[in-house]
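Notes for the structure review
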Amino acid sequence: MLSFLKLIRYKNLIMVLLTMVLTKYALITSFTKEAYLSNLEFLILSISVISITAGGYIINDLFDITADKINKPNKIFIEKSISKKKAKNSYLILTFVGLILGVYLSIINLNNTTLLLYFITVTSLYFYSKYLKKTVLLGNLMISILIVLPIFMVVSLNNSSITDFINDSYMELNNIIFLYLIFAFFTTLIREIIKDIEDVDGDVKIKAKTLPILFGRNRATKVAFFFSGILLIFLLLILQYLKTNMVFLVYGIVFILLPLLYFMYKLWFSESKKNYSKLSNLMKVIMFFGILSMLLFKF
């Protein structure tokens, strides 16, 4: 059971669930008391997203067995703790359950956007794992886009009609959501590039064409640093806008801006696999505190 939980990256799934919960019950409810997505429907949405995400991790590991034997030999579960057949069956079951629940929820809410997104997500996760993960930047960009979809789905299903989008409170909410989507996109993109640099040895073995393989670790590091610089400018602009709100300002500086500056400093001088692994974890912490900031809207 523990091996299966590690296989589906239960810690990452908790992060996805936390993001969805905070989006609905901290962020959205701070702007409107009208809950168009009931608690039961939100539970169905959460289970569907978590199931598809878990399935995505499994199919990714199935295609990465050869590379993972080099990159992370101590974290391989397929063929060691669980057979390939069971892993494939788990992927199919989780994806099917998630898709069926998602289709049901989209239909009863008359939401064609989320219906389409479910099919796009399932297809994209498969093609990412089989093909795009091995290509320069395309895989990084795709996973960065997919990571923001849970937030978008929660918001989309909470808008009951087009009038919501022209309502002042909803317009402000949608603007804030857009900022969180940008934050999630760039933090994920940076982390994905860092992970490619960390895993370069195994990726060479499977003849992948990731950024560090085609252009070298140093240049790939500079690309990650460049995107970190964009994220830094983005955060500075937001903090400038929030300078009159001391709670947001202090939180942003202490828990997001300063860690990002430290991340960039360490990134510039990183060389070893161990350094990049630490940077990947640090970016995950920055992502966590960024999402956790949704709680501030309740105060």
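Scroll up to find the structure.
Cut-offs and rules
Residues numbered from 1 in each chain as written. Predicted model: local features only at pLDDT ≥ 70, side-chain atom pairs only at ≥ 80, totals over all residues. Heavy atoms only, no water. Helix = DSSP H or I, 4+ residues; strand = E, 2+ residues; numbered from the N terminus. Contact = heavy atoms within 4.5 Å. Phe/Tyr/Trp six-rings, centres within 6.5 Å; stacked < 30°, edge-to-face > 60°. Lys NZ or Arg CZ within 6 Å of the ring centre and 35° of its normal. Buried < 20%, exposed > 50% of the residue type's maximum accessible area, 1.4 Å probe, protein only. Core = buried A, V, L, I, M, F, W, Y, C linked by side-chain atoms within 4.5 Å. Patch = residues over 30% accessible without salt bridge, like charges linked within 9 Å, V, L, I, M, F, W, Y side chains within 5 Å. Areas by Shrake-Rupley, 256 points an atom, 1.4 Å probe, with all protein chains shown as cover. Salt bridge = Lys/Arg side-chain N within 4 Å of Asp/Glu carboxyl O. Polar contact = N/O pair within 3.5 Å; in protein donor to acceptor, adjacent residues only side chain to side chain. Arc of directions from axis to C-beta. Expected span 1.5 Å × (residues − 1).

**Digging into the side chain of Thr-210**
- Within the fold, Thr-210 resides in the loop between α11 (200-205) and α12 (211-215).
- Here Thr-210 is in contact with Lys-133, Lys-134, Thr-135, Val-136, Asp-196 and Asp-203, once residues within four sequence places are set aside.

**Quick look at the packing of aromatic side chains**
- Evaluated as defined, the whole model comprises 14 aromatic pairs.
- Judged by centre distance (5.3 Å) and plane angle (85°), the rings of Phe-185 and Phe-186 are edge-to-face.
- Following the ring pairs from residue to residue traces out a cluster consisting of Phe-63, Tyr-126, Phe-127 and Tyr-131.
- For the cation-ring pair, Lys-24 lies above Tyr-25, with the distance from its terminal atom to the ring centre recorded as 5.3 Å.
- Across the ring face of Trp-268, the terminal group of Lys-222 is positioned such that the distance to the ring centre comes to 4.8 Å.

**Side note on the environment of Leu-211**
- On the secondary structure map, Leu-211 appears in helix α12.
- On the basis of relative accessibility, which here comes to 6%, the residue Leu-211 falls in the buried class.
- For the pair formed by Leu-211 and Gly-55, sequence separation is 156 residues and the distance between their alpha carbons is 26 Å.
- If we skip the residues at most four places from it in the chain, Leu-211 touches Val-136, Leu-137, Ile-193, Gly-216, Ala-220 and Val-223.

**Quick word on the nonpolar core**
- Core analysis: the largest hydrophobic core is formed by 85 residues, its most contacted members being Leu-45, Leu-260 and Phe-263.
- For Leu-45, the contacting residues outside a window of four places in its chain are Met-20, Leu-37, Leu-105, Tyr-118, Met-153, Val-154 and Leu-157.

**Brief notes about a nonpolar patch on the surface**
- A cluster of nonpolar side chains, namely Met-246, Val-250, Ile-253, Val-254, Phe-255, Leu-258 and Leu-261, defines an oily patch on the protein surface of about 570 Å² accessible area.
- Along the polypeptide, Leu-258 turns up in helix α14 (residues 246-269).
- In this structure Leu-258 comes out as partly exposed when scored by relative accessible area, which is 46%.

**Remarks on unusual backbone geometry**
- Backbone geometry at Leu-110 places phi at a positive 50°, although glycine is not the residue there.
- Positive phi is not limited to glycine here, since Lys-207 has a value of about 60°.
- Here Lys-207 lies in the loop between α11 and α12.
- The exposure class of Lys-207 is exposed, given its relative accessible area of 71%.

**Details of the pattern of salt bridges**
- By the definition in use, this model includes four salt bridges.
- In this structure, Lys-195 and Glu-192 form a salt bridge, with 3.3 Å as the shortest nitrogen-oxygen distance. Placement of both Lys-195 and Glu-192 in helix α10 (residues 168-198) is noted, with a separation of three residues, approximately one turn of the helix.
- For Lys-195, a relative accessible area of 27% gives the class partly exposed.
- For Glu-192, a relative accessible area of 9% gives the class buried.
- Residues Lys-273 and Asp-199 are paired through a salt bridge, measuring 3.8 Å at the closest nitrogen-oxygen approach. Of this pair, Lys-273 sits in helix α15 (residues 273-292) while Asp-199 sits in the loop between α10 and α11, placing them 74 residues apart in sequence.
- Exposure remark for Lys-273: the relative accessible area of 31% places this residue in the partly exposed category.

**Topic: the environment of Ser-30**
- Along the chain, Ser-30 falls in the loop between α2 (10-27) and α3 (39-63).
- Since its relative accessible area comes to 29%, Ser-30 is described here as partly exposed.
- Counting along the chain gives 216 residues from Ser-30 to Met-246, while the straight-line C-alpha distance between them is 18 Å.
- In this view, Ser-30 contacts Phe-297 and Lys-298; residues no more than four positions away in its chain are not counted.
- In this structure the side chain of Ser-30 is engaged in a polar contact, spanning 2.4 Å, whose partner is the backbone oxygen of Ala-26.

**Considerations on helix α7 (residues 138-146)**
- Within the sequence span of α7, burial applies to Gly-139, Asn-140, Ile-143, Ser-144 and Leu-146. Looking down the long axis of α7, one finds its buried residues gathered within 160° of arc, a one-sided arrangement.

**As for helix α6 (residues 112-130)**
- Relative to the 27 Å expected for 19 residues at 1.5 Å per residue, α6 spans 28 Å between its end C-alpha atoms, a close match to the ideal helical length.
- Among the residues of α6, Thr-114, Leu-117, Tyr-118, Thr-121, Val-122, Ser-124, Leu-125, Tyr-128 and Ser-129 are the ones counted as buried.

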